[in-house]
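Secondary and tertiary structure notes
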Amino acid sequence: MARFVLLPKRVVVGFVVLLLAGGVALTACGGWTATKDSARQAAGKVTVVSAPYQQEVKAPRDSFFVDYSLEREINRSRQLELLREIASGTATDEATRKQAQERLMVLSERAEKEARLEGILRAKGFEDAAVAIGEQSVTVIVPGRVPPEETTTIAALVYHTVGVPQEQVVILGHE
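Computed from a predicted model, the values in this text were never measured in an experiment.

Observations concerning helix α4 (residues 94-123)
Between its first and last C-alpha atoms α4 spans 44 Å; for 30 residues at 1.5 Å apiece the expected length is 44 Å, and the two agree. All of the buried residues in α4 are R97, A100, L104, L107, R110, E114, L117, E118 and L121. Buried residues in α4 make contact with α3 (63-88), β4 (130-133), β5 (138-143) and α5 (148-162).

Laid out in structure tokens, this is it:
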């Protein structure tokens, strides 16, 4: 059965920072042109188009989930860029090239699974959700308190979507 832990906002933020710490080392490898602020501004708005006017409306989203998604995508992009450079580098030996290509596939598959699972959670009524797929576990962060029966539902969705056993699913409530 899945474990449900309701943590204060600062603990959840600390957990997210810890998850993203691996990407910080890649910052110096650069190449990323968008800034976090410009990406946050773009993600926080929805463009509504109705002829003949176009209007931007503030999206009603918890900034934690927007920030988490942006940080994850920025760091993942940096990792992918670095791995592509390694995989295509002329000075890279064959074993390293193969490892970089395998890691590229793993990161791409994880990104697709995380996005699919977040979409399913939204369809199930969770306005915001953040999913982090690790080597042997999946962490799901949803807003507020989640009753035990919903934690079971979330864990079952994770199992059916990505194949991770319910015992390896951690569900965090974000307040």
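On we go.
Comments concerning the nonpolar core
Core analysis: the largest hydrophobic core is formed by 18 residues, its most contacted members being L121, V131, V138, V140, V142, I154 and V158. The next biggest cluster of nonpolar side chains, apart from the first, holds 7 residues, and it includes F64, F65, A132 and I141.

Considering the layout of surface pockets
Taken as a whole, the second largest pocket spans an internal volume of roughly 160 Å³. Around the second largest pocket, the lining residues are V106, E109, R110, K113, I133, G134, E135, Q136, S137, V162, V164 and Q168. Among the elements that take part in the lining of the second largest pocket, α4 stands out by supplying 4 residues, more than any other. Of the residues that constitute the lining of the second largest pocket, the class distribution is 4 nonpolar, 4 polar and 4 charged.

Comments concerning the side chain of T92
Among the structural elements, T92 can be located in the loop between α3 and α4. For T92, a relative accessible area of 18% translates into the label buried. Within the local environment of T92, its side chain forms a polar contact with the backbone oxygen of I86, the two atoms lying 2.9 Å apart. Excluding anything up to four places from it in sequence, T92 contacts I86 and R97.

Side note on the packing of α4 against α5
In a pair of packed helices, the angle between the axes and the distance between the axes together describe the arrangement. Contact geometry for α4 and α5: axes closest at 10 Å, N-to-C directions at 140 degrees. It follows from the interaxial angle that α4 and α5 lie oblique. Two packed elements cross with a definite hand, and for α4 against α5 that hand is right-handed. Side by side, α4 and α5 meet where K113, R116, L117, I120 and L121 of the first sit next to I154, L157, V158, T161 and V162 of the second.

What to know about the packing of α3 against α4
Put simply, α3 and α4 touch, their axes get as near as 8 Å, and they point 155 degrees apart. As judged from the angle between their axes, α3 and α4 are roughly antiparallel. For the pair α3 and α4, the crossing hand works out as left-handed. Facing α3, whose interface residues are R72, R76, Q79, L80, L83, R84, I86 and A87, α4 presents T96, R97, A100, Q101, R103, L104, L107, S108, A111, E114 and E118. Looking at side-chain class alone, the contact of α3 with α4 contains 8 nonpolar, 4 polar and 7 charged residues.

Rules behind the numbers
- Residues numbered from 1 in each chain as written.
- Predicted model: local features only at pLDDT ≥ 70, side-chain atom pairs only at ≥ 80, totals over all residues.
- Heavy atoms only, no water.
- Helix = DSSP H or I, 4+ residues; strand = E, 2+ residues; numbered from the N terminus.
- Expected span 1.5 Å × (residues − 1).
- Buried < 20%, exposed > 50% of the residue type's maximum accessible area, 1.4 Å probe, protein only.
- Contact = heavy atoms within 4.5 Å.
- Core = buried A, V, L, I, M, F, W, Y, C linked by side-chain atoms within 4.5 Å.
- 1 Å grid on protein atoms, 1.4 Å probe; cavity = no way out; pocket = protein on both sides within 12 Å on 5 of 7 lines; lining within 4 Å.
- Points joined across faces, edges and corners; volume = space filled by probe spheres on them.
- Nonpolar A, V, L, I, M, F, W, Y, C, P; charged D, E, K, R; others polar.
- Polar contact = N/O pair within 3.5 Å; in protein donor to acceptor, adjacent residues only side chain to side chain.
- Axes fitted to C-alpha atoms, helices over the stretch in contact; angles between N-to-C directions.
- Parallel < 35°, antiparallel > 145°, perpendicular 65-115°, else oblique.
- Left-handed = near helix turned anticlockwise from the far one by under 90°.

None of the figures reported here should be taken as evidence of function without further support.
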